[in-house]
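# Geometric and topological summary
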Amino acid sequence: MVPWTYKYKPLSLKEVVGQDAALAQLQKFVSSKPFGKAAVLYGPSGSGKTSSVHALANDLSYEIIEVNASDVRNKEQIDLILGNAVKQRSLFSKGKIILVDEIDGISGTEDRGGVSALVSIISSSSFPIICTAEDPFDKKFSDLRKQSTLIEYQPLPIPEVKCILDSISKKEKLVVSPEVIQELSRRCGGDARAAVTDLHTASLDAGQLSTTALDMLGEREQKKSIIDALLLVLKTTKPELAIPVFDTVDEDLDMIFLWLDENLPLEYTKALDLARAYEMLSQADIMRRRIRRWQHWRFLVYINAYLSGGVAVAKDQKYTSFVSYKPTTRLLKLWQANMKYQKRKAIAEKIAAKTHTSHRRVIQDIIPYLQAMVQADQNLAKKITDDFGLESEEIEWLKKK
């Protein structure tokens, strides 16, 4: 039995749906000479990266040499296989494309030298080298990015996936309702390969597909990291792509707020874009407060819409420069402020006991003077320590102030 993902793979770029901009860039790369760079096709699984390379090679009658980076991982293997591939002429004097699939499989430590060997081969290749990846922005690929043209593939929108499933259903003469096709298209999360696999699996028992068969498949969950989610939201201007992103992220709502707050200024460099994005965050925060105050949890859908689609469309056009997203520093600052407060409180308690004064008055009236005295005359530190029974780290705190 031939899997439908193989049986109905695109044979021409005309059959690849939903990636018009990426396909135009890919064609331009392959047609340009000489080849001093590679192309890195990046995007989520099932968006058409590998199949579009095969379709293009078929359109051009090019030979394609495909290796999986998970199998060719270290310097020796890459030099042996890819090194020979770029040196040998194509069969029958046709053109040739070298496809290095799933470069995410190259480890940064165990496969030391693998990425540098690939970069070296790229610079000397007379044939186009195309790599695929889900996340090319890992630090280990920094040298590869400098030698590559990055081409982004978007998650396929539901209508595009639905079009693929409708076409296959007709060719297989499968009796299936539009509601079932719609549900399969929705639950795949933009992964066309997963949707076709589910369609094939659910139709094995009979020539028709019912909601009962879908229930047996279960819901397809695709967990994303917060970095992947930020990449999708901040790098797109299409709300339909951004809105479902945070549904599959293993972070609570408060952390998503903090991640966006930290990274928005890094991504949105235009003042107007940034202002509009923070307006979306403020609207989401208003909805969050309404939930806390009134327990109206229906506002949760608006929070998600503001944080995802709202932030995505806040910019006039997407930014192409690479940004390394980082976790929020606000929690660290809050912890540092809390520790600072705790030391100040401990000092105030000791001074209050000696001076028969309230903690508030000590913090307000006495500690500022002690700080000025210690910073002006280091010899006073020992006397203050003896008089108030302060610890050495508490004196250091007064000095740093």
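None of these values were measured; they are calculated from a predicted model.

Parameters and conventions
Residues numbered from 1 in each chain as written. Predicted model: local features only at pLDDT ≥ 70, side-chain atom pairs only at ≥ 80, totals over all residues. Heavy atoms only, no water. Helix = DSSP H or I, 4+ residues; strand = E, 2+ residues; numbered from the N terminus. Buried < 20%, exposed > 50% of the residue type's maximum accessible area, 1.4 Å probe, protein only. Contact = heavy atoms within 4.5 Å. Areas by Shrake-Rupley, 256 points an atom, 1.4 Å probe, with all protein chains shown as cover. Pairing = 2+ DSSP bridges. Axes fitted to C-alpha atoms, helices over the stretch in contact; angles between N-to-C directions. Parallel < 35°, antiparallel > 145°, perpendicular 65-115°, else oblique. Left-handed = near helix turned anticlockwise from the far one by under 90°. Nonpolar A, V, L, I, M, F, W, Y, C, P; charged D, E, K, R; others polar. Salt bridge = Lys/Arg side-chain N within 4 Å of Asp/Glu carboxyl O.

## With respect to the overall build of the chain
Helices and strands together make up the secondary structure of the chain, namely 19 helices and 7 strands. Buried positions account for 41% of the 401 residues belonging to the chain. Considering only residue pairs separated by 6 or more positions, the chain has 76% of its internal contacts joining residues 24 or more positions apart. Counting only carbon and sulfur atoms, one obtains 53% of the accessible surface of the chain, whose full area is about 22000 Å².

## Digging into the sheet that holds strand β2 (residues 63-68)
Read across the sheet, 5 strands follow the order β2-β3-β4-β1-β5 without closing on themselves; strand pairing throughout is parallel. Among the strands making up the open sheet, the edge pair consists of β2 and β5 (148-152). Strand-to-strand twist of the sheet, defined as the mean angle between neighbouring strand axes without regard to direction, takes the value 20°. Summarising the sheet, β2 and strand β3 (residues 96-101) pair through 6 bridges and their orientation is parallel. Following the sheet pairing, Glu63 is matched in β3 by Lys96. In the packing of helix α2 (residues 20-31) onto the sheet, contacts are made with β1 (38-42), β3, β4 (129-133) and β5, and the angle to β5 comes to roughly 155°. Across the sheet, helix α3 (residues 49-60) touches β1, β2, β3 and β4, and the angle it forms with β3 is around 170°.

## Notes on the environment of Tyr42
Considering the arrangement of structural elements, one finds Tyr42 in strand β1. A C-alpha to C-alpha distance of 5.1 Å links Tyr42 and Glu152, two positions 110 residues apart in sequence.

## Some words on unusual backbone geometry
In this structure, Ser61 takes a positive phi of about 55° despite not being glycine. Relative to the assigned elements, Ser61 resides in the loop between α3 and β2. Looking at Ser61, the relative accessible area reads 45%, which means it is partly exposed. Backbone geometry at His356 places phi at a positive 55°, although glycine is not the residue there. Position of His356 relative to the elements: it lies in the loop between α16 (330-355) and α17 (359-376).

## Focus: the packing of helix α13 (residues 253-267) against helix α14 (residues 271-294)
Two elements in contact, α13 and α14, have axes whose closest approach is 11 Å; the angle formed by their N-to-C orientations is 165°. Between α13 and α14, the angle falls in the class roughly antiparallel. Once α13 is placed against α14, the crossing between them reads as left-handed. Side by side, α13 and α14 meet where Leu253, Asp254, Phe257, Leu260, Asp261, Leu264 and Pro265 of the first sit next to Leu274, Ala277, Tyr278, Leu281, Ala284, Asp285, Arg288 and Arg292 of the second. A per-class count over the contact of α13 with α14 returns 10 nonpolar, no polar and 5 charged.

## Focus: the pattern of salt bridges
Taken as a whole, this structure holds 12 salt bridges when the rule is applied. We note a salt bridge from Lys162 to Asp166, for which the minimum N-O separation is 3.3 Å. You can see Lys162 and its partner Asp166 sitting in helix α7 (residues 158-171), 4 residues apart, about one turn around the helix. What makes Lys162 partly exposed here is its relative accessible area of 26%. Assessed through its relative accessible area of 27%, Asp166 is described here as partly exposed. The partner of Arg361 in a salt bridge is Asp365, with the nearest N and O atoms 2.7 Å apart. With a gap of 4 residues between them, Arg361 and Asp365 both fall in helix α17, about one helical turn apart. Here the residues in one salt-bridge network are Asp254, Asp285, Arg288 and Arg292, joined through shared partners.

By themselves, these are just geometric observations and shouldn't be taken as functional.
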